[in-house]
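Structure at a glance
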Amino acid sequence: RAAEYFAGMEDFERLGIDVRLATDDGSRGRHGLVTDVLKQVLTEHHGRPRIVCCGPEPMMQSVCAALESAVATGAPGACLALVGEAGIGKSALARHAAEAAAQAGRAVIEGYSTLGLAEPLGVIRDAVRAAGRAGLSPGAGRDRLATGFPALVLPELGAGEIETGNLGATFEAAARYLRALAGRRGLLVVLEDLHWADATSLSLVPFLARALRREPVALLLTYRPDDETGSPSLAGLRSELRRGELG
């Protein structure tokens, strides 16, 4: 709230860390909110920033809104991860982001992982079903991989067992399907509770982040810390996202 609340900032500055502050009374740093500083940083950052934050829910919602505005309709895609223990508010923030995206004119689809139901591509299947319920489809374009993806993964549309040893074409079809759903208005894909997801879904996520990084498709992921779940596949997902600066 004021300058006297800060301690040790000089230590960060001596290490060459760019420290930006905000105070309610303007006694140090910017006069205003820390979320105003975040919005400024996002306009200056040309890569894929990694945001770590904590605080009261209204502030967290403001951070989420700032991130959503940074990937507004028609902007290149982004991959954002909300990571935290159970009950910390990840799903509430994801809902807030989905509402903000819909209000901005984006299409939104959501997929959920279910404890004890780790079927191959389960969370993606759930998202595809959600798209169907919302009346979203890739259209009748020339991209047969995009239009055929639902039938490739949904048993109710005739899909057989997913061959986990030969997933290249399936992953490519998934990327093209999401790109087709986005069209010109953009798409937000929310994938929740990935700590319960199957290994194939967790391999697909970084593929999508790379394949769609220049498309108007944003991925929003929620999961618990890998040290809490002990999932090697989840640890692999986090490593891939960090290594490729994807989320």
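Located above this text is the structure these notes cover.
Worth saying up front: this structure is predicted, and the values here are computed from it rather than measured. (Residues numbered from 1 in each chain as written. Predicted model: local features only at pLDDT ≥ 70, side-chain atom pairs only at ≥ 80, totals over all residues. Heavy atoms only, no water.)

With respect to the sheet that holds strand β4 (residues 107–112)
Let me state the cut-off plainly: Two strands qualify as a pair provided that DSSP identifies no fewer than 2 bridges between them. For the purposes of this entry, the term helix denotes a DSSP run of H or I that reaches at least four residues, the term strand denotes a run of E that reaches at least two, and both are numbered from the N terminus. To get an axis, a line is fitted to the C-alpha atoms, and for a helix only the part in contact is used. The angle between two axes follows their N-to-C directions and goes from 0 to 180 degrees. Whether two residues are in contact is decided by their heavy atoms, any of which lying within 4.5 Å being enough.
Sheet architecture is open: four strands sit in the order β3-β6-β5-β4, paired in parallel fashion. Each edge of the open sheet is held by one strand with a lone partner, namely β3 (78–83) and β4. Across the sheet, the axes of successive neighbouring strands diverge by a mean angle of 15 degrees, strand direction being ignored. The strands touched by helix α7 (residues 168–182) are β4, β5 (187–192) and β6 (217–223); relative to β5, the strand with the most contacts, the crossing angle is about 130 degrees. Its contacts with the sheet place helix α10 (residues 232–243) against β3 and β6, and it is angled at close to 140 degrees to β6.

Here's the deal with unusual backbone geometry
Glycine aside, residues mostly have negative phi angles, and peptide bonds mostly take the trans form. Phi is positive for L121, close to 60 degrees, though the residue is something other than glycine. Among the secondary structure elements, L121 is positioned in the loop between β4 and α5 (122–133). Positive phi values are uncommon outside glycine, yet D193 reaches one of about 55 degrees. On the secondary structure map, D193 appears in the loop between β5 and α8 (199–211).

Describing the packing of aromatic side chains
Cut-off, in case you're wondering: Centre distance within 6.5 Å is the pairing criterion for rings of Phe, Tyr and Trp, where only the six-membered ring of Trp is used; planes under 30 degrees apart are then read as stacked, over 60 as edge-to-face, and the remainder as tilted. Exposure is judged per residue with a 1.4 Å probe applied to protein chains only, and the accessible area is read against the type maximum: over 50% gives exposed, under 20% gives buried, and values in between give partly exposed.
One pass over the full model with this rule turns up two aromatic pairs. An angle of 40 degrees between the planes, with centres 5.3 Å apart, marks the rings of F149 and Y177 as tilted. Of this pair, F149 sits in helix α6 (residues 144–153) while Y177 sits in helix α7, placing them 28 residues apart in sequence. For F149, a relative accessible area of 1% gives the class buried. Its relative accessible area of 2% is what places Y177 among the buried residues. Ring geometry for F171 against F207: centres 5.6 Å apart, planes inclined by 50 degrees, an arrangement best described as tilted. Highlighted residues: F171 in helix α7 and F207 in helix α8, separated in sequence by 36 residues. Classification of F207 by relative accessible area gives partly exposed; the value is 22%.

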